[in-house]
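# Survey of secondary and tertiary structure
The residues making up each chain are set out below.
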Amino acid sequence: MTDDVVLNLWRQPLGEVPAEVWDRTDLTVLILAETGISELSTAIGRLTGLRTLDLGHNRIAALPAELGDLTGLGDFLYLHDNELTALPDSLGRLTALRYLNAGENRLTELPAAIGGMASLVELRAQHNRLGALPGTIGELGALRELWLRGNELTGLPDSVARLAELRELELRENALAEVPAVLAGLPQLRRLDLRGNRITELPHWLAEPTALPALEKLDLRWNEVRPSVRLLDALGARGCAVLH
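As the structure is a computational prediction, the values presented were derived from the model and not from experiment. (Residues numbered from 1 in each chain as written. Predicted model: local features only at pLDDT ≥ 70, side-chain atom pairs only at ≥ 80, totals over all residues. Heavy atoms only, no water.)

## Here's the deal with the overall build of the chain
Each helix and strand in the chain was counted, giving one helix and 11 strands. Each helix (α) and strand (β) of the chain, taken in turn from the N terminus, gives the series β-β-β-β-β-β-β-β-β-β-α-β. For 244 residues, the compact-globule formula gives about 18 Å, and the C-alpha radius of gyration of the chain, at 20 Å, lands near that figure. For the chain, with 244 residues in total, the buried portion stands at 52%. Expressed as a percentage of contacts within the chain between residues at least 6 apart in sequence, the contacts between residues at least 24 apart total 36%. When the accessible surface of the chain is split by element, carbon and sulfur atoms take 47% of a total near 11100 Å². Measuring between centres, the 24 positive side-chain charges of the chain sit 5 Å from its 34 negative side-chain charges. (Helix = DSSP H or I, 4+ residues; strand = E, 2+ residues; numbered from the N terminus. Rg over C-alpha atoms; globule rule 2.2 N^0.38 Å. Buried < 20%, exposed > 50% of the residue type's maximum accessible area, 1.4 Å probe, protein only. Contact = heavy atoms within 4.5 Å. Areas by Shrake-Rupley, 256 points an atom, 1.4 Å probe, with all protein chains shown as cover. Lys, Arg positive; Asp, Glu negative; His and termini not counted. Charge placed at Lys NZ, Arg CZ, Asp CG, Glu CD.)

As structure tokens, then:
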């Protein structure tokens, strides 16, 4: 692999991206974090050599569809801490991308097209306004970490059961009234964070050895729930620590 060609404008008080940046088709890494920008030119689509793009900590309210032209984007896409209310469907064309951070925005939903991002290993959408996840989330067969803290989720789609590689699931500070039954068969899930929800009782299936067989940590703090001794013993025997 050739060396990265990096343009790092982190914390430069730009206000807007200089036009000459869009002529840098040699770039593999472009860092525009904390530059005060509020919009992104459609010319971003020219930078097809990019593998990493950092747009975090700005004031961007909308993303151009041309972002989906960056099909070589295989490493990181940082969109966190902006003013986004939606993500473009064109993100589904980023089939090589492994890490997406869209946290700390104003998203009320994730696009169904996100299911096309087949290489995602880590997806962060914490501190948004998500009331549900798209059913296509189950198509992310490589996904290992899903971070959803501080949303408005009341449940999970059935397709989550297909996330066979998922190791870490953060559902802290949502509106869940129960542990989603769809999680029961996840073979690799090791850490499940349910802090600060509305859970008052736990399902019987949690005690079954075939349910969440790899679980190492179950965090139930700040819920009005008292796990039974039987459940705690069953999980403890499997090496799972329960915090409540």
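From this point, the narrative continues.
## Comments concerning the nonpolar core
Counting residues in hydrophobic clusters, the biggest one holds 75 residues, and the most contacted among them are Leu30, Leu53, Leu77, Leu123, Leu192 and Leu218. With three residues, the single largest contributor to this core is helix 1 (residues 229-237). Once residues lying within four places of it in the same chain are set aside, the contact partners of Leu77 are Leu53, Leu67, Leu91, Leu94, Leu97, Tyr99, Leu100 and Asn101. (Core = buried A, V, L, I, M, F, W, Y, C linked by side-chain atoms within 4.5 Å.)

## A word on unusual backbone geometry
Excluding glycine, residues mostly carry a negative phi; peptide bonds, for their part, are mostly trans. Despite not being glycine, Arg11 has its phi angle at roughly 65°, a positive value. The phi angle at Glu34 is positive, at roughly 55°, despite the residue not being glycine. Structurally, Glu34 is set in the loop between strand 2 (29-31) and strand 3 (52-54). Judged by its relative accessible area of 31%, Glu34 is partly exposed.

## Concerning the packing of aromatic side chains
Summed over the entire model, instances satisfying the criterion amount to three aromatic pairs. On the basis of an interplanar angle of 15° and a centroid distance of 5.9 Å, the ring pair of Phe76 and Tyr78 is categorised as stacked. Considering the side-chain rings of Tyr78 and Tyr99, the 5.4 Å spacing of their centres and the 55° angle between planes classify their relative orientation as tilted. Of this pair, Tyr78 sits in strand 4 (residues 76-78) while Tyr99 is found in strand 5 (residues 99-101), placing the two residues 21 residues apart along the sequence. Judged by relative accessible area, Tyr99 falls into the buried class, the value being 13%. These aromatic residues form a ring-pair network of at least three members: Phe76, Tyr78 and Tyr99. When the ring centre of Trp147 is taken as origin, the NZ or CZ atom of Arg124, which lies over that ring, is 4.3 Å away. Above the face of the Trp222 ring, Arg221 is positioned so that its terminal group lies 5.3 Å from the ring centre. (Phe/Tyr/Trp six-rings, centres within 6.5 Å; stacked < 30°, edge-to-face > 60°. Lys NZ or Arg CZ within 6 Å of the ring centre and 35° of its normal.)

## Some words on the sheet that holds strand 10 (residues 217-219)
By way of backbone hydrogen bonds, the strands of a sheet pair with one another, either parallel or antiparallel. As summarised here, the arrangement of the 11 strands in space is 1-2-3-4-5-6-7-8-9-10-11, forming an open sheet in which the pairing is parallel. In the strand order of this sheet, the two ends are held by strand 1 (6-8) and strand 11 (241-243), each with one partner. Averaged over all pairs of adjacent strands, the angle between strand axes in this sheet comes to 5°, irrespective of strand direction. In this structure, strand 5 lies alongside strand 6 (residues 122-124), joined through three bridges in parallel fashion. Note that in strand 6 the partner of Leu100 across the bridge is Leu123. (Pairing = 2+ DSSP bridges. Axes fitted to C-alpha atoms, helices over the stretch in contact; angles between N-to-C directions.)

## Here's the deal with the pattern of salt bridges
Applying the stated criterion to the full structure yields 16 salt bridges. With a shortest N-O distance of 2.6 Å, Arg124 and Glu122 are connected by a salt bridge. A cluster of three or more residues bridged by salt bridges with shared partners is formed by Asp4, Arg51, Asp75 and Arg98. (Salt bridge = Lys/Arg side-chain N within 4 Å of Asp/Glu carboxyl O.)

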